[in-house]
Amino acid sequence: MICAEKLQRFMMAAVLLVACCLMSAGSIYGTILLGFVIAMILVWAITDFCPSIWLFTKLVGHCKSSR
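These figures come from a predicted structure and were not determined experimentally.

Considered for burial, the residues of helix H3 (residues 51-60) that qualify are Ser52, Ile53 and Phe56. The buried residues of H3 occupy an angular sector of 95° when projected down its axis, which confines them to one face. Just beyond H3, the residue with positive phi is glycine 61, at close to 95°.

Okay, structure coming up:
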């Protein structure tokens, strides 16, 4: 079953793929999308709060740790 952290990583990979495709087509929207992802990663690194993980945790729950 998919959990919040894995879902967030899949979503980030998909958004970065779309940004890469848009940038290779010469669209400014790819650069804007890439900047948005970078900004959200910086917010996560500075505040230890990621809005997408918070939302996905509410929807599907945390990953079960095997440790």
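The subject of this paragraph is the packing of helix H1 (residues 4-24) against helix H2 (residues 28-47). Between H1 and H2, the least distance of the axes is 7 Å, while the angle of their chain directions is 150°. Compared by their axis directions, H1 and H2 come out roughly antiparallel. Relative to H2, the crossing made by H1 is left-handed. Across the interface between the two elements, Gln8, Met12, Val15, Leu16, Val18, Ala19, Leu22 and Met23 of H1 pack against Tyr29, Gly30, Thr31, Leu33, Leu34, Val37, Ile41 and Trp44 of H2.

Take unusual backbone geometry next. Glycine aside, the phi torsion of most residues is negative, and most peptide linkages are trans. For aspartate 48, which is not glycine, the phi dihedral falls at a positive 60°. In this fold, aspartate 48 is placed in the loop between H2 and H3.

Taking 1.5 Å per residue as the helical rise, H1 with its 21 residues ought to reach 30 Å, and the 30 Å between its terminal C-alpha atoms agrees with that figure. Looking at H1, one finds that the buried residues are Ala4, Glu5, Gln8, Met12 and Ala19. The buried residues of H1 occupy an angular sector of 90° when projected down its axis, which confines them to one face. Facing away from the buried surface of H1 by more than 90 degrees, the exposed residues are Phe10, Leu17 and Ser24. Phi for glycine 26, located one or two positions after H1, is positive at around 90°.

As a further point, take the state of the cysteines. By definition, a disulfide is the covalent link that joins the sulfur atoms of two cysteine residues. Taken as a whole and assessed by the stated rule, the structure comprises one disulfide. Here cysteine 3 is linked by a disulfide to cysteine 63, with a sulfur-sulfur distance of 1.7 Å. Torsion about the S-S bond of the cysteine 3 and cysteine 63 cystine: about 65°, corresponding to right-handed handedness. In this pair, cysteine 3 is assigned in the segment before H1 and cysteine 63 in the segment after H3, connecting sequence segments 60 residues apart. We classify cysteine 3 as buried; its relative accessible area is 9%. With a relative accessible area of 31%, cysteine 63 lands in the partly exposed category. Not part of a disulfide, cysteine 20 finds its nearest cysteine sulfur in cysteine 21, a span of 5.7 Å. For cysteine 21, a relative accessible area of 45% gives the class partly exposed.

So, how was this worked out
- Residues numbered from 1 in each chain as written.
- Predicted model: local features only at pLDDT ≥ 70, side-chain atom pairs only at ≥ 80, totals over all residues.
- Heavy atoms only, no water.
- Buried < 20%, exposed > 50% of the residue type's maximum accessible area, 1.4 Å probe, protein only.
- Helix = DSSP H or I, 4+ residues; strand = E, 2+ residues; numbered from the N terminus.
- Arc of directions from axis to C-beta.
- Axes fitted to C-alpha atoms, helices over the stretch in contact; angles between N-to-C directions.
- Parallel < 35°, antiparallel > 145°, perpendicular 65-115°, else oblique.
- Left-handed = near helix turned anticlockwise from the far one by under 90°.
- Contact = heavy atoms within 4.5 Å.
- Expected span 1.5 Å × (residues − 1).
- Disulfide = S-S within 2.5 Å.

Don't take any of this as a statement about function, it's just geometry.
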